[in-house]
Amino acid sequence: MGRIRRLLARRRPGLVSLRTTFAVSFAAVTAAVTVLVGVLSYSAAARLVRVDQESVFDQVVQDLRDEVRQHRMTTEDFSSSAPGHDIVRPARTDVQVLGPDGKVVDPGSPGLPVVSADRSIAADRTAGKLVEHKDVDVDTDVYRIATVSLGAGRGAVQVAQEFSDTEDLLRALQQRTLILMCAVVIAAGLFGWWLARRITHRLILLTSAAEDVARTRRLGIEVPVTGYDEVGRLGRAFDRMLGRLAQSEEDQRRLVQDAGHELRTPLTSLRTNISLLRRIDELPPATREELVADLGQEARELTDLVNELVDLAAGQSDSEPLQRVDLADIAEDVAGLARRRSGRQITVRASGDTTTDGRPGMLQRAISNLVENAAKFDRDGTGSIEIAVSGPARAGTVRVEILDRGPGIADGDLIRIFDRFYRAADARSLPGSGLGLSIVREVAMAHGGAPFAVQRAGGGAVIGFTVGGVPGSGTGAGG
């Protein structure tokens, strides 16, 4: 974790981390939803409270108007000293009685203001006539006042309802809603930060591993892989990628080392022979011929070695497109070319379905190497070299075998002949680089198969390879 903190500390100024972005986004979304829900909830609650208060007041006023219209009533009927005739006084409702001249006969608690419109209503001869006043300040409170005439100039009754308490209640509700929204936003931010930390922790570890690889170029570092979600899959894919890159790097390193080792021998021989050319006039004719022949042979072997190294490197590439091929046809082409080069009798036997998906150039090179190998080890042989192509042993699998009657292969060499530059003890005097069979192995494994070598009954060897139904998408395993 200390390494991760150092890496994070070295981030460019102004760079916003995924954790911060996630936390801020989570808090912003939560804040927007909370504010929206809070505003809508407060607005709905305030509207309901106000509508309820107004409906109660309107109902009281309407009952009063109905009563004075139906009955001939005087100011004494509404006096606070005559509760039996008094109107219903709901909570926060005040009643004040006005005489015919508009003067207060029975004051309310608190006393309500009387204006000219109220005095006119008190002297009006029509019962139930109404005048309303909204948002009237009485002392420190706000009231809504309705004045209803008793008719025949007998006075009027003022009914007032206090609304300031309701507004105070709504303001308190508003403040609590704001406090609650702030608390929810803060809690959402903290939760978002915790959640982002939990989610991005493994991503930070993977980022640290990637930066370590980029900085140190070491592919063998430990990659943290946990979980089975997308991040876990990313970690496993990254680990596999590093493993393959490390394997590829190791293959390249060993190829260069092995190639350098094998190139020293022909180069040293060429250098020695070239130094003798300085005194070629002093050498007898036989020695001259031997020197020139040796130079030609070393040059050919060096050329063959370079060509096989190029082929081996090219065989590790999947640039050649996949297509449907018939291995029996490829074997016939290889046999025809080998007959012209070596003059040997080469036969091809095919059985079953020998078609598969593959890269024809690579497959032709592999079969050609096997045929050349058989001809090289059986120089004086008079028997034919056989190419047997059969399939399928299992779905999509084709088997290629090259059978010869040469000296065979020692049991101790059977498992090593496909290694790069490996040459058996009895083959070191023969021309070759030891790469031909290694190329066969690369081609086979690149096509989902494997090479094989066994002793042949009656003498000789059987060397070949299988091709799988689904060619490998990679480069094949290294030697």
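Residues numbered from 1 in each chain as written. Predicted model: local features only at pLDDT ≥ 70, side-chain atom pairs only at ≥ 80, totals over all residues. Heavy atoms only, no water.

What about the overall build of the protein?
Helix and strand counts for the protein come out as nine helices and 12 strands. In the protein, which comprises 479 residues, the share counted as buried stands at 41%. Contacts in the protein between residues at least 24 apart in sequence constitute 66% of all its contacts with a sequence separation of at least 6. Accessible surface, the protein: about 26,700 Å² in total, of which carbon and sulfur atoms supply 56%. (Helix = DSSP H or I, 4+ residues; strand = E, 2+ residues; numbered from the N terminus. Buried < 20%, exposed > 50% of the residue type's maximum accessible area, 1.4 Å probe, protein only. Contact = heavy atoms within 4.5 Å. Areas by Shrake-Rupley, 256 points an atom, 1.4 Å probe, with all protein chains shown as cover.)

Here we look at empty space enclosed by the protein
Tallied over the entire structure, the rule returns one cavity of 30 Å³ or more. In this structure, the largest cavity occupies an estimated 40 Å³ of space. Along its surface, the largest cavity is lined by R202, L206, P224, V225, T226, V231, G232 and G235. Of all elements in the fold, only α4 (164–216) and α5 (230–277) reach the threshold of two or more residues within the lining of the largest cavity. (1 Å grid on protein atoms, 1.4 Å probe; cavity = no way out; pocket = protein on both sides within 12 Å on 5 of 7 lines; lining within 4 Å. Points joined across faces, edges and corners; volume = space filled by probe spheres on them.)

Considerations on the pattern of salt bridges
Oppositely charged side chains can form a pair if their charged atoms are brought close together. Overall, the coordinates contain eight salt bridges when judged by the stated rule. Here R144 ties to D58 by a salt bridge, and the two come within 3.0 Å at their closest N and O atoms. On the criterion of sequence distance, the pair formed by R144 in strand β4 (residues 141–149) and D58 in helix α2 (residues 18–70) is long-range, its members being 86 residues apart. The residue E386 makes a salt bridge to R349 at a minimum N-O spacing of 3.4 Å. Of this pair, E386 sits in strand β9 (residues 385–391) while R349 sits in strand β7 (residues 346–352), and the two are 37 residues apart along the sequence. (Salt bridge = Lys/Arg side-chain N within 4 Å of Asp/Glu carboxyl O.)

Regarding helix α8 (residues 360–377)
Taking 1.5 Å of rise per residue, the 18 residues of α8 would be expected to cover 26 Å, and the 26 Å separating its terminal C-alpha atoms lies within 8% of that figure. Buried within α8 we find M362, L363, A366, I367, S368, N369, L370, V371, N373, A374 and A375. (Expected span 1.5 Å × (residues − 1).)

Let's talk about the environment of I221
Mapped onto the elements, I221 comes out in the loop between α4 and α5. We classify I221 as buried; its relative accessible area is 13%. Separated by 22 residues in sequence, I221 and G243 have C-alpha atoms that sit 9.6 Å apart. Beyond its immediate chain neighbours, meaning those up to four positions away, I221 contacts A209, D212, V213 and L242.

Considering the sheet that holds strand β2 (residues 104–106)
One open sheet holds the five strands; their spatial order is β2-β1-β5-β4-β3, and the pairing between them is antiparallel. Two strands in the sheet have a free side with no partner beyond their single neighbour: β2 and β3 (130–138). Each strand axis lies, on average, 30° off the axis of its neighbour in the sheet, ignoring direction. Note that β3 and β4 share seven bridges and pair antiparallel. Within β4, the position partnered with V138 by the bridge is D141. (Pairing = 2+ DSSP bridges. Axes fitted to C-alpha atoms, helices over the stretch in contact; angles between N-to-C directions.)

Geometry only, nothing functional implied.
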